[in-house]
Structures are given as C-alpha cells and as structure tokens.
Amino acid sequence: MLQFARGGAVVSAVDLTPRSIELVQQRFRLYGLPVDARVGDAEKLPFSDNSFDVVYSFGVLHHTPNTPKAVSEVYRVLKPGGRAIIMLYHRHSMHVAIGRAVANISAKYRTVSGTVENWVRAYDGSDNPLGKAYTRAEVRSMFRAFKDLRLSTVDPVRRGLSPSVNGLNQRLFAWWWGFYLVIKAIK
Ligand SMILES: C[S@@+](CC[C@H](N)C(=O)[O-])C[C@H]1O[C@@H](n2cnc3c(N)ncnc32)[C@H](O)[C@@H]1O
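About the criteria used
Residues numbered from 1 in each chain as written. Predicted model: local features only at pLDDT ≥ 70, side-chain atom pairs only at ≥ 80, totals over all residues. Heavy atoms only, no water. Core = buried A, V, L, I, M, F, W, Y, C linked by side-chain atoms within 4.5 Å. Buried < 20%, exposed > 50% of the residue type's maximum accessible area, 1.4 Å probe, protein only. Contact = heavy atoms within 4.5 Å. Near = heavy atom within 4 Å. Polar contact = N/O pair within 3.5 Å; in protein donor to acceptor, adjacent residues only side chain to side chain. Nonpolar A, V, L, I, M, F, W, Y, C, P; charged D, E, K, R; others polar.

A. Structural view of the nonpolar core. Among the nonpolar cores identified, the biggest contains 22 residues, and Leu61, Val74, Ile86, Leu88, Val139, Phe143 and Phe146 are the most heavily contacted of them. If we ignore the near neighbours within four places in the chain, the residues touching Leu88 are Leu61, His62, Tyr134, Val139, Met142, Phe179, Tyr180, Leu181 and Ile183. If you look at the next biggest cluster of nonpolar residues, it comprises 11 residues, including Met87, Tyr89, Val96 and Tyr180.

B. Fine view of the site of the ligand. Lining the immediate surroundings of the ligand are 13 residues, of which Asp15, Asp41, Ala42, Phe58 and Thr64 lie closest. Ser20 is positioned such that a nitrogen or oxygen atom in its side chain is 3.3 Å from an oxygen atom of the ligand. A distance of 2.9 Å separates a nitrogen atom of the ligand from a polar atom in the side chain of Asp41. Across the shell around the ligand, the residue classes break down as 4 nonpolar, 6 polar and 3 charged.

Encoded structure:
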C-alpha cells in the first residue's frame, strides 16, 4: 500500500484488527504520507459502490470465512474498468505438498499436520483461526463477474535457502506450483 501512496495514489485501507490499522497508520506517518486506514470487514467494506480505481489485497481474503462474499465486495467498490490485484494461497503448490510432508514426518511440526486446511491455517501461526487455499478453477469461478482474469503463481522466498536456490525455484517451479496465487482482473 505504501508503494501505491509513494506513487501518488490516494490510499484507503481496511483490516479487521485494530493493531494492524495502528501499524499501517504509524508506517504512513513515518513516510509523511496520508492514508485513510480503518478497522473494517472485507466481507462488508465501508465504501460506496464504484469508488476505487484499484483494489489491492495481499494474503487476506483467504482468512475470512466467506471469501466469495469478500470478492463480491471487491467488485462492488471498484469503478467500471477498475483493477483488482489479489493474492490468495494456492492449494496445488509445492509449498503445501512439501510443508505437509515435513509436518507428517517430523514431531516438531506435528501440530500442523493433517488436512491442507489445517496446514495452511497454521502457516500463519498455530493460533491463526482460519486459513484456506484455492485452486485456479475455484478462483476462476469466484471471479467470474470480472473481465480479463489473469492468474500467476510465485513462491515466498524461503529463509535459510540461498538466493540461487530460491531463484531456481521461481524459474523452474513457482510459475506453476507457487504458493502465492496472484489474481489480476478488471471490473
Ligand atoms: C497474514 S495477514 C496479511 C497482512 C498483510 N497483507 C501482509 O501482507 O502483511 C492477514 C490479515 O488479514 C486480516 N483479516 C482477516 N480477515 C479479515 C476480514 N474479514 N476483513 C479485513 N481483514 C481481515 C487479519 O486481521 C490480518 O491482519
């Protein structure tokens, strides 16, 4: 979000938790940039219809119970011709496959073993209440109201792996099996 503001955009931001909003406000203050950041629910955005040129959300909408409702809110608040840029976790990713395998064989990670849902939930902390991961087909269905839907995947850089191994992963695998499913679409 900060990068959008640095590029001259007028930024409004919403998060469910007051602490996240405080951090956003602090960060924007540090850079001397204005932001309208408020506590709010992605499933019921506190904005009028057709009011934004861009809606950006990174790693949030898979934590809300009704993700399709949140996607419909993105559509509602975008202006016609406006652009959605959204990241959701990707179900068919090496990250999930390898993470679950490690969890199943190592006692250290046993608490996060089990279903994909449980592994993905615990990826953001064992006390994270909800995390989901989506297939490309599910995303196409959820975003069917949008035009010009483009999907791509990348992987988070893994700490402990050298830059060359991370780079090799991006080039060889992550474009198809990456954990971050990046969705770009137009209203
Ligand atoms: C893993 S964090 C990602 C935060 C940030 N985008 C980032 O990349 O660091 C997920 C965030 O989603 C927020 N969240 C979950 N459900 C939400 C909802 N229904 N509406 C708004 N924010 C929500 C949580 O409060 C949390 O701050």
